[in-house]
Amino acid sequence: MGTERKRKVSLFDVVADPSVSGKISKTNGAMATGSSNGKNDGSSLVNRWNGRPYSARYYEILEKRKSLPVWQQKDEFLQTLKKNQTLILVGETGSGKTTQIPQFVLEAVDMETPDKRKKMMIACTQPRRVAAMSVSRRVAEEMDVTIGEEVGYSIRFEDCSSARTVLKYLTDGMLLREAMTDPLLERYKVIILDEAHERTLATDVLFGLLKEVLKNRPDLKLVVMSATLEAEKFQNYFYGAPLMKVPGRLHPVEVFYTSEPERDYLEAAIRTIVQIHMLEPPGDILVFLTGEEEIEDACRKINKEIGNMGNQVGPVKVVPLYSSLPPAMQQKIFEPAPPPSEEGGRPGRKIVVATNIAETSLTIDGIVYVIDPGFAKQKVYNPRVRVESLLVSPISKASAHQRAGRAGRTQPGKCFRLYTERSFSNDLVNQTYPEILRSNLANTVLTLKKLGIDDLVHFDFMDPPAPETLMRALEVLNYLGALDDDGNLTKMGEIMSEFPLDPQMSKMLVVSPEFNCSNEILSVSAMLSVPNCFVRPREAQKAADEAKARFGHIDGDHLTLLNVYHAYKQNSKFLIPIFPTI
């Protein structure tokens, strides 16, 4: 073990190594489209993945799968993928691309390796943890296998996969972290980047990385999938890759605008829900709001308003949906609407109150009415003052179209936009700005340095960030000791890059043993990595502030959080929230 150990192997070191290139060229990249061992159309009675007979539920779901628009283009998709290394697929919401395309690929690709204990895998990335979990569960059910076995998922803080896993849904950030230890992503035969139109920070970095990987792994295939996409831009970026379009299963959607701008979109949304429930035919309602607190507040108000109307209207089931909601609660969005409260009474209705996660990531059947206030929370970064914040901002026209499309999944629907038609035409931008143009890049720069990418200015970003933002990120990393004065990764920087945290927090954790405060720093870091533990409902702000004041510390918020954690530990046997969220 020499002390003069060079920096860790990177993507570009691997590319330069002729022995590795030789291995790659020998890899069998052939695809068998529709071969007998790959067909999964129900003709075989035994499941090829676990060797068990198919259940009755499998055949029931198979019929539904065959009715999806994407199923009609299965052969065309497999033929195009066989002939090309990269394929761009634009599928409208509800086309079935997220659940079906990975299964089509799985049927057509040979997953065996010389090591019989391990199989090659297919990766399908999702921008959101909720989507990765719920979609993987659905696909496991469709394939008649156990979640965590043949089909798994990997998200921050949770890996539900095994050595038997052949199809893995994971967040784009998790795939990026895997690239740190496996620069050529050699575990994967096909990588599918889903929801590419969301242009998250991790997705944009993966675009640049995978372009390099594809050059040096002829056996690897890449499928870029999206609901709305600037198709030409993506085709040009991926060297003229073929574009395939899959229509959605959309019924006509009638769009309504307000005649005047609304002063309070939350009150307007609740008013619209009550009117729909009183006057419109049966059908579930989807409401888009901006965040957890607003959604919980709206759910309480909707239940109260409709509860006050008694038997004049049918019963409702109000279901929230946001990323920090526990998985069991998230699954409630797929439950049916409640039955009438009495025989022959008015039908029940399900009301889903969601963030923009319900725009494209998840498809909820039964939605007939959509209420769109026209806002979403967006991350904004000011490099001059080095502050990143979430601001409630107007959505883009593309997002507005996606939201409206949610109403026409099962029957003709209606979309109520709580803004004027003039605002839609003049005030909304066409596409949402990529996250990379409005984020703090310190963590991204550290990740790229760890991957061995030293020339950040010439890294192949689809939309290059502002030079000032990159310079600020390099300054911060140098100040923290993660980069030396020449911009090279230090030993400290290597350790920091292993943590899925902001560089400031990872440095704090790494040096905490020197100050004998590791336990405290771990608690503070953990609490800063999850949603805020304090809630402040509109109707009880004074009580919430008083409850928070009991934990206040003169030296700031970090020690306040530590006080909360210690109080929780002392009282955890009671397991009740300090200030109730419901």
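Residues numbered from 1 in each chain as written. Predicted model: local features only at pLDDT ≥ 70, side-chain atom pairs only at ≥ 80, totals over all residues. Heavy atoms only, no water.

Can you walk me through the packing of helix H21 (residues 518-528) against helix H23 (residues 557-571) in this structure?
Think of two packed helices as two axes; the pair is described by the angle between the axes and how far apart they sit. Following both chains from N to C, one finds H21 and H23 inclined at 95°, their axes separated by 9 Å at the closest point. The pairing of H21 with H23 is recorded here as roughly perpendicular in orientation. Between H21 and H23, the contacting residues are Glu520, Ser523, Val524, Met527 and Leu528 on the first element and His558, Leu561, Leu562, Val564 and Tyr565 on the second. Residue classes in the contact of H21 with H23 are distributed as seven nonpolar, two polar and one charged. (Axes fitted to C-alpha atoms, helices over the stretch in contact; angles between N-to-C directions. Helix = DSSP H or I, 4+ residues; strand = E, 2+ residues; numbered from the N terminus. Parallel < 35°, antiparallel > 145°, perpendicular 65-115°, else oblique. Contact = heavy atoms within 4.5 Å. Nonpolar A, V, L, I, M, F, W, Y, C, P; charged D, E, K, R; others polar.)

Where do I start with the nonpolar core in this structure?
Within the largest apolar cluster, 51 residues are counted, with the highest numbers of intra-cluster contacts made by Tyr188, Ile191, Phe207, Leu222, Val224, Phe234 and Phe238. Counting only elements with at least two residues in this core, the list comes to strand S2 (121-126), helix H8 (172-181), strand S6 (188-193), helix H9 (201-216), strand S7 (221-226), helix H10 (231-237), helix H17 (442-450) and helix H18 (467-479). Broken down by element, the residue count for this core peaks at nine residues, all from H9. Phe207 has contacts with Leu193, Ala196, Arg199, Val224, Phe234, Tyr237, Phe238 and Met462, leaving out every residue within four places of it along the chain. (Core = buried A, V, L, I, M, F, W, Y, C linked by side-chain atoms within 4.5 Å. Buried < 20%, exposed > 50% of the residue type's maximum accessible area, 1.4 Å probe, protein only.)

Explanation requested: the pattern of salt bridges in the structure shown.
It is possible for side chains of opposite charge to pair when their charged atoms get near one another. The full count for this structure, using the stated rule, is 29 salt bridges. Here Asp204 and Arg199 are joined by a salt bridge, their closest N and O atoms 2.7 Å apart. Look at Asp204 and you get buried, because its relative accessible area is 1%. Residue classification places Arg199 among the buried positions, given a relative accessible area of 4%. Its salt-bridge partner being Lys414, residue Glu280 comes within 3.1 Å of it at the nearest N-O pair. Within this pair, whereas Glu280 is found in the loop between helix H11 (265-279) and strand S10 (284-288), its partner Lys414 is found in strand S16 (residues 413-417), the two being separated by 134 residues in sequence. Taking relative accessible area as the criterion, Glu280 reaches 22% and is therefore assigned partly exposed. Shared partners join several salt bridges into a network, and the residues in it are Arg57, Glu60, Arg65, Arg138, Glu141 and Glu142. (Salt bridge = Lys/Arg side-chain N within 4 Å of Asp/Glu carboxyl O.)

Help me understand the sheet that holds strand S9 (residues 253-257) in this model?
Where strands meet in a sheet, backbone hydrogen bonds hold them as pairs that are either parallel or antiparallel. What the six strands build is an open sheet, ordered S9-S16-S13-S10-S12-S11; its pairing is parallel. Single-partner strands in this sheet number two, and they are S9 and strand S11 (316-321). Between one strand axis and the next, the sheet turns by 15° as a mean value, whatever way the strands run. Sheet topology places S9 next to S16; five bridges connect them, and they run parallel. Paired with Glu254 across the two strands is Lys414, which belongs to S16. Together, S9, S10, strand S13 (367-372) and S16 form the strand contacts of helix H15 (residues 397-405), whose direction differs from that of S16 by roughly 140°. (Pairing = 2+ DSSP bridges.)

Looking at this structure, how should I read the sheet that holds S2?
With respect to topology, eight strands assemble into an open sheet ordered S4-S3-S5-S2-S6-S7-S1-S8, the strand pairing being mixed. The open sheet has two edge strands, strand S4 (158-160) and strand S8 (243-246), and neither has a second partner. The mean angle between the axes of side-by-side strands here comes to 20°, regardless of whether they run parallel or antiparallel. Bridge analysis of S2 against strand S5 (residues 167-171) gives five bridges, and the strand direction is parallel. Across the sheet, Ile122 pairs through a bridge with Leu167, a residue of S5. On top of the sheet, H9 reaches strand S1 (86-91), S6 and S7; it is set at about 150° to S6, its chief contact.

Help me out: how do you make sense of the environment of Tyr54 in this one?
In this structure, Tyr54 sits in the loop between helix H2 (18-26) and helix H3 (56-66). Separated by 91 residues in sequence, Tyr54 and Val145 have C-alpha atoms that sit 9.4 Å apart.

Where do I start with the pairing of S16 in this structure?
Within a regular strand, the side chains alternate between the two sheet faces. Counting buried positions along S16 yields four of five residues, so the element is predominantly enclosed. Two elements, S13 and S16, share four bridges in a ladder whose sense is parallel. Of the residues in S16, the one forming a bridge with Ile371 is Phe416.

Is there a simple way to explain the packing of H3 against helix H7 (residues 129-143) in this structure?
The contact between H3 and H7 brings their axes to 8 Å, and the two run at 110°. Relative to H7, the element H3 is oriented roughly perpendicular. Contacts between H3 and H7 involve Arg57, Tyr58, Ile61 and Arg65 on the former and, on the latter, Arg138, Glu141, Glu142 and Met143. Its residues assigned to classes, the contact of H3 with H7 shows three nonpolar, no polar and five charged.

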